[in-house]
Amino acid sequence: MTTFESSVAIAKPVEEVFAFLSDLNNHQQLMPENIYNWSSSADEARFTIQNMAKLVLKVTERIQNKEILIEPAEQAPFALNMRWLTAADGAGTTAKLVVAAELNMMLKMMASGPLQKLVDHQVATLAKVLG
């Protein structure tokens, strides 16, 4: 698995950051502009990535104020998972997004840049939304 990760410090309590991330309805705010046809519930999100693929993701595990594991609910173009990790950090919270993807050599060359950009975008946008 190839991993892509990014983290940010947010001046909010860990409970508030975890609650926001725990509800997939909120994740639409974190997505870049090339995401459309978004529909979601607290546990599942469906969307299309422009010129790429349709994805259905669901929360498969929540560890209160620590971790949210999100995995494909339907066949994805490649095996992947997203893991949001939250930790109290003084008066605020450190939030980290780790995306693990099973990419063959060709996919790795094509998808590594966009996947890292997505991770960086989501983390930076989370800081803006909750900041």
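The preceding data block contains the structure.
Note that the structure is a prediction, hence the values are computed from the model and not measured. Here the residue numbering is sequential within each chain, running from 1 through the sequence in written order. Totals for whole chains, interfaces and linings use all residues, but because this is a predicted model, local features are given only for residues with pLDDT of at least 70 and pairs of side-chain atoms are given and counted only at 80 or more. The side-chain quantities take in all heavy atoms of the structure and omit both hydrogens and water.

1. Focus on the sheet that holds strand β2 (residues 35-40)
The pairing criterion is simple: DSSP has to find at least two bridges between the two strands. Each helix is a run of DSSP H or I of at least 4 residues and each strand a run of E of at least 2, with the numbering of both proceeding from the N terminus. As summarised here, the arrangement of the seven strands in space is β1-β7-β6-β5-β4-β3-β2, forming an open sheet in which the pairing is antiparallel. At either margin of the open sheet sits one strand with a lone partner, and together these are β1 (2-10) and β2. On average, adjacent strands in this sheet sit at an angle of 20° to one another, irrespective of strand direction. Against the sheet, helix α1 (residues 14-22) contacts β1, β4 (53-63), β5 (67-72), β6 (80-89) and β7 (92-101), and its axis sits at roughly 165° relative to β6. Here helix α2 (residues 105-130) sits on the sheet in contact with β1, β6 and β7, set at roughly 15° to β1. Inter-axis angles, ranging from 0 to 180 degrees, are taken between N-to-C directions of lines fitted to C-alpha atoms, where helices are fitted over the stretch in contact. The contact rule is simple, with two residues in contact once any of their heavy atoms fall within 4.5 Å.

2. A look at the pattern of salt bridges
The rule for a salt bridge is simple: a side-chain nitrogen of Lys or Arg has to be within 4 Å of a carboxyl oxygen of Asp or Glu. Using the criterion set out here, one finds six salt bridges in the structure. Here Glu16 makes a salt bridge to Lys12, at a shortest N to O gap of 3.8 Å. Measuring nitrogen to oxygen at the nearest pair gives 2.1 Å for the salt bridge that ties Arg83 to Glu67. Within this pair, whereas Arg83 is found in strand β6, its partner Glu67 is found in strand β5, the two being separated by 16 residues in sequence.

3. Points about the pairing of β5
Side chains on a regular strand alternate between the two faces of the sheet. Of the strand pairs in this sheet, β4 and β5 are connected by six bridges, and their pairing is antiparallel. Bridged to Arg62 within β5 is Ile68. Counting the residues that bridge the hairpin from β4 to β5 gives three residues, and of these Asn65 lies at a positive phi of roughly 60°. Two strands pair when backbone bridges link them, and β5 and β6 are joined in this way by four bridges, in the antiparallel orientation. Looking across to β6, one finds that Ile68 is bridged to Trp84.

4. A word on the nonpolar core
Among buried residues, the Ala, Val, Leu, Ile, Met, Phe, Trp, Tyr and Cys ones that are joined through side-chain atoms within 4.5 Å form a nonpolar core. Per-residue accessibility, obtained with a 1.4 Å probe over protein chains only, is compared with the maximum for each type, and a residue is labelled buried under 20%, exposed over 50%, and partly exposed between these values. Ranked by size, the top nonpolar core spans 36 residues in total, and within it Leu21, Phe47, Ile70, Trp84 and Leu126 carry the most contacts. Among the elements that make up this core, the one with the highest residue count is α2 (six residues).

5. Points about the side chain of Ser112
Here Ser112 is to be found in helix α2. Any pair of nitrogen or oxygen atoms within 3.5 Å is treated as a polar contact; in protein, a donor-acceptor pairing is required on top of that, and neighbouring residues in sequence qualify only through side-chain atoms on both sides. Here the side chain of Ser112 touches Lys108 through a polar contact of 2.7 Å, landing on its backbone oxygen. Leave out the neighbours within four places in its chain, and Ser112 touches Phe4, Leu103 and Leu107.

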